[in-house]
Amino acid sequence: MKVYISLPITGKDIEEQKRHAGDVASFLLAAGHTPVSPFNNGLDDNASYEDHLREDLKMLLDCDAILMCKGYHLSNGCTFERDVAIKCGLT
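Structure report, in brief. (Residues numbered from 1 in each chain as written. Predicted model: local features only at pLDDT ≥ 70, side-chain atom pairs only at ≥ 80, totals over all residues. Heavy atoms only, no water.)

A look at the overall build of the protein
- Counting secondary structure elements, the protein contains 3 helices and 3 strands.
- Computed over C-alpha atoms, the radius of gyration of the protein comes to 12 Å, within 12% of the 12 Å expected from 2.2 N^0.38 for 91 residues, which places it in the range of a compact globule.
- Dimensions of the protein, computed from C-alpha atoms along their principal axes, come out at roughly 30 × 25 × 25 Å.
- Looking at the 91 residues of the protein, the share that counts as buried comes to 36%.
- Surface summary for the protein: the accessible area is close to 5600 Å², and the carbon and sulfur share equals 52%.
- Of the side-chain charges in the protein, 9 are positive and 14 negative, and the distance between the mean point of each set is 5 Å. (Helix = DSSP H or I, 4+ residues; strand = E, 2+ residues; numbered from the N terminus. Rg over C-alpha atoms; globule rule 2.2 N^0.38 Å. Buried < 20%, exposed > 50% of the residue type's maximum accessible area, 1.4 Å probe, protein only. Areas by Shrake-Rupley, 256 points an atom, 1.4 Å probe, with all protein chains shown as cover. Lys, Arg positive; Asp, Glu negative; His and termini not counted. Charge placed at Lys NZ, Arg CZ, Asp CG, Glu CD.)

So, in C-alpha cells, the structure goes:
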C-alpha cells in the first residue's frame, strides 16, 4: 500500500520532524509499503502553510492509507488530513 505519513510539523523542530518521518518511512518500507512524506512535496520549507497543505493533500489523495504519528491530535493540519482520509475512504 501507498501510505501517507501525517505528523505535526508547525511549531516543531523541522530537522527533528524530518528525521522522524524518515524513521517512519523506513518502518513502512520494511513492512512492504510505499511511504509518502509531506517533506517530499516539492516545496521549500519556507513556503506558506497553505501551499504546503495543498500539496500535502494532493499527495494524500494519491495514497491508499494514512499513518497518524504521535501527537497528531494536537495538530490542525494532521487532524484535517485525517478527516480528509476518512471521508475519502483511505485506510
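Now that the structure has been shown, the text picks up again.
Re the pattern of salt bridges
- If you walk through the whole model with that rule in mind, you get 4 salt bridges.
- Linking Lys18 and Asp45 is a salt bridge whose minimum nitrogen-to-oxygen distance equals 2.9 Å. Residue Lys18 is located in helix α1 (residues 14-30), and its partner Asp45 is located in the loop between β2 (34-36) and α2 (49-61); the two are separated by 27 residues in the primary sequence.
- Classification of Lys18 by relative accessible area gives partly exposed; the value is 30%.
- By relative accessible area, Asp45 is classed as partly exposed at 41%.
- Glu55 is the partner of Lys58 in a salt bridge, and the nearest nitrogen-oxygen pair spans 3.0 Å. Of the two residues, Lys58 and Glu55 both sit in helix α2, 3 residues apart, roughly one turn of that helix.
- On the basis of relative accessibility, which here comes to 53%, the residue Lys58 falls in the exposed class.
- Since its relative accessible area comes to 24%, Glu55 is described here as partly exposed. (Salt bridge = Lys/Arg side-chain N within 4 Å of Asp/Glu carboxyl O.)

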